[in-house]
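An overview of the molecular structure
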Amino acid sequence: MKRNAFSQGFSLIEILIVMSSIIVLSGIGFATLATTQRRQAVEQSQLDIKIAIERTKYNAVSRVKRPGCPTAPLTHMDINFCSIGGGCLDNTNDYEIFSICGSETNVFEEKKLRDNLNLAPAPSSTCRILRFSVGSSSLQNMSGSLPCNIILQKYGITRTLVVDSSGNVRLN
């Protein structure tokens, strides 16, 4: 059987079809990766806030205070959400944790959310200032009722944290 000189290799059309398929699949892969990274950033910030609330509760129950208030006893711990009206010392932060010793207020921790995520007011009760009493796990929402909500938004993704009267946080 004789082979023709033109029958060896791939035709230009075949190569273009394969290259087009690779480009389309790569585009889909990059779009999926970007969406996954954005969703992951929102979910990680949601977990960061949950941990901050739980740590504030733990510090209040165990009476952990900063060295800035050595004379007066710790009375309560607050976590303020700045961008939804929580009244922070530095409004460039998204939330701040305070230890209150008598009349002294000391910043315990300051945090910004990842990727410039937004905290949004909830349609029902918004958690703006959460106050944990020392020695107990009782919680007050200084800006409304409990349970209250914290809403994270960015990239068209919305996640909600619900805080109940015991300071337990549920992720939605």
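So, here's what we can say about the structure.

Procedures and definitions
Residues numbered from 1 in each chain as written. Predicted model: local features only at pLDDT ≥ 70, side-chain atom pairs only at ≥ 80, totals over all residues. Heavy atoms only, no water. Pairing = 2+ DSSP bridges. Helix = DSSP H or I, 4+ residues; strand = E, 2+ residues; numbered from the N terminus. Axes fitted to C-alpha atoms, helices over the stretch in contact; angles between N-to-C directions. Contact = heavy atoms within 4.5 Å. Core = buried A, V, L, I, M, F, W, Y, C linked by side-chain atoms within 4.5 Å. Buried < 20%, exposed > 50% of the residue type's maximum accessible area, 1.4 Å probe, protein only.

**With respect to the sheet that holds strand E3 (residues 104-111)**
Reading across from one edge, E3-E2-E1-E5-E6 is the order of the 5 strands in this open sheet, with antiparallel pairing throughout. Here the strands that pair on one side only, and so sit at the sheet edges, are E3 and strand E6 (139-141). If you compare each strand with its neighbour and ignore which way they point, the axes differ by 20° on average. Of the pairings in the sheet, the one linking strand E2 (residues 95-101) to E3 comprises 7 bridges and is antiparallel in character. Within the sheet, the bridge partner assigned to Ile 100 lies in E3 and is Thr 105. Packed onto the sheet, helix H1 (residues 12-61) meets strand E1 (74-81), E2, E3 and strand E5 (129-133) and runs at close to 170° relative to E1.

**Concerning the nonpolar core**
One finds Ile 49, Ile 53, Phe 81, Leu 130, Ile 150 and Val 163 to be the most contacted residues of the largest nonpolar core, which totals 31 residues. Those elements that place two or more of their residues in this core are H1, E1, E2, E5, strand E7 (148-154) and strand E8 (157-163). The element that contributes the greatest number of residues to this core is H1, accounting for 5 residues. Leaving out residues up to four positions away in the same chain, Val 163 has contacts with Ile 53, Cys 127, Leu 130, Leu 139, Leu 146, Pro 147, Cys 148, Ile 150, Asn 168 and Val 169.

**Let's talk about the sheet that holds strand E9 (residues 169-171)**
If you walk across this open sheet you meet the 4 strands as E4-E7-E8-E9, and the pairing is antiparallel. With partners counted over all chains shown, the strands left at the sheet margins are strand E4 (118-120) and E9, one partner each. With strand direction ignored, the average angle separating the axes of adjacent strands in the sheet is 25°. Sheet topology note: the E8/E9 ladder contains 3 bridges and is antiparallel. Counted as the bridge partner of Val 162 is Arg 170 from E9. This element, H1, spans E4, E7, E8 and E9 of the sheet and lies at about 15° to E8.

Geometry only, nothing functional implied.
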